[in-house]
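# Overview (structure and organization)
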Amino acid sequence: MNAHQPVRRVAIVGTGTIGASWATHFLVRGFDVTATDPAPDAETALRSYVEGAWDAAASIGLAPSASLDRLSFTADLRQAVADADFVQENAPERPELKVRLFADVDDATPADAIIASSSSGITMSVIQAECRHPERTVIGHPFNPPHIVPLVEVVGGTRTAPETIRDAMAFYAAIGKKPIHLKKELPGHVANRIQAALYREVVYLVQEGVLDVADSDDAVSWGPGLRWGVMGPHLLWHLGGGEGGIQHFMDTLMPRMVASWHELGTPEFTPELKEKIVAGVLEEADGHSVDELAARRDAMLSALLAVRAEHDPSGPEAEE
């Protein structure tokens, strides 16, 4: 395969919430971005999103050459990717659509470009099935919203070249992301599976009447969630082991945790439980709109990232 060239031009395929957020991030980092989406009002919605998200994204990392004027839009897929050095695809999560779309993008994109998918659940081995050059295709799954949250899960398919994974990892790191390499494919990748496992227990506790919805959110965000915003569970258990560190934790505390795993619940997601959660969330939102809550979330995340950048030498900006 051809060597991958330095990235100057990025194509965004699919401009829903994730695609628009990715476009914002790439623009703030100083790239020329061409976006495409077949929806009738896609360009208007995209430009509105980028303008609204610009300040939050820029507060995290603004390139000197960054400009809203470097965003262009076309409904023509082939035109959008014709001169791209890197493609970030964000189409709906339907395997047959992804397979067909990737084959079309592969056919129209320069041979030295990387084609990445934001797919949250479909594996690259499925998506790349009809590509003529599957070696340059890779999953680059972000955590929402990509213009704020640094995490990107990178995993190839059975026909992805190691060089593609290496170069995708390096590119994401260079633009302020925190890429992690998944050594194996699995549905849902990693972060969503961890998130789903936690939420299953939260829903079980609500179903059992142990907590209401608001208290269950507080139990996460004001307890372990605060710590997870600083360190992951393994490092936290290292601290939890005291002077003996992780070895002491594994020897003395881990057996108790393992013994408690069988007590974790699997809720029966009934219509009644669904309505209970919906009502609880609306009560917790207390009349604030989704946009207002998202702005509050993004402001706090930006502040947390600033603190992490100051104290954490392993953060994404340190890898540039």
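Above: the structure in question.
Below is a summary of the structure that appears in this document. (Residues numbered from 1 in each chain as written. Predicted model: local features only at pLDDT ≥ 70, side-chain atom pairs only at ≥ 80, totals over all residues. Heavy atoms only, no water.)

## Details of the layout of surface pockets
Estimated volume of the second largest pocket: approximately 320 Å³. For the second largest pocket, the lining is made up of 15 residues, of which Tyr-49, Ala-53, Asp-291, Ala-294 and Asp-298 are closest to its centre. Of all the secondary structure elements, the ones that give two or more residues to the lining of the second largest pocket are α2 (42-60) and α13 (290-311). Here the lining of the second largest pocket is composed, by residue class, of seven nonpolar, five polar and three charged. (1 Å grid on protein atoms, 1.4 Å probe; cavity = no way out; pocket = protein on both sides within 12 Å on 5 of 7 lines; lining within 4 Å. Points joined across faces, edges and corners; volume = space filled by probe spheres on them. Helix = DSSP H or I, 4+ residues; strand = E, 2+ residues; numbered from the N terminus. Nonpolar A, V, L, I, M, F, W, Y, C, P; charged D, E, K, R; others polar.)

## A short note on the nonpolar core
Phe-26, Val-33 and Tyr-172 are the most contacted members of the largest nonpolar core, which has 31 residues in total. Of all the secondary-structure elements, those providing two or more residues to this core are β1 (9-13), α1 (17-28), β2 (32-36), α2, β5 (114-117), β7 (151-156) and α6 (162-174). With six residues, the single largest contributor to this core is α1. Discounting residues that sit within four places of it in the chain, Phe-26 has contacts with Val-10, Ile-12, Phe-31, Val-33, Gln-88, Phe-171 and Ile-175. Val-13, Ala-84, Ala-91 and Ala-108 belong to the second largest nonpolar core, which has 21 residues in total. (Core = buried A, V, L, I, M, F, W, Y, C linked by side-chain atoms within 4.5 Å. Buried < 20%, exposed > 50% of the residue type's maximum accessible area, 1.4 Å probe, protein only. Contact = heavy atoms within 4.5 Å.)

## Observations regarding a negative patch on the surface
On the surface, Asp-212, Asp-215, Asp-217, Asp-218, Glu-283, Glu-284 and Asp-286 cluster together to form a negatively charged patch. Contributions of two or more residues to the negative patch are made by α8 (213-221) and α12 (271-285). If one sorts the elements of the negative patch by residue count, α8 sits on top with three residues. Under the relative-accessibility criterion, Asp-286 is labelled exposed at 60%. (Patch = residues over 30% accessible without salt bridge, like charges linked within 9 Å, V, L, I, M, F, W, Y side chains within 5 Å. Areas by Shrake-Rupley, 256 points an atom, 1.4 Å probe, with all protein chains shown as cover. Salt bridge = Lys/Arg side-chain N within 4 Å of Asp/Glu carboxyl O. Lys, Arg positive; Asp, Glu negative; His and termini not counted. Charge placed at Lys NZ, Arg CZ, Asp CG, Glu CD.)

## What to know about a nonpolar patch on the surface
On the surface, Val-258, Trp-261 and Leu-264 cluster together into a nonpolar patch covering about 290 Å² of accessible area. Counting through the fold element by element, Leu-264 comes out in the loop between α11 (245-260) and α12.

## Details of the sheet that holds β2
Across the sheet, eight strands lie side by side as β3-β2-β1-β4-β5-β6-β7-β8; this open sheet has mixed pairing. Either end of the sheet is taken by a strand with one partner, and the two such strands are β3 (71-73) and β8 (178-181). In this sheet, adjacent strand axes meet at a mean angle of 25 degrees when their direction is disregarded. Here strand β6 (residues 137-142) runs beside β7; their pairing, made up of five bridges, is antiparallel. Following the sheet pairing, Gly-140 is matched in β7 by Val-154. Each of β1, β2, β3, β4 (86-89), β6 and β7 touches α1; the most contacted strand, β1, lies at about 170 degrees to it. (Pairing = 2+ DSSP bridges. Axes fitted to C-alpha atoms, helices over the stretch in contact; angles between N-to-C directions.)

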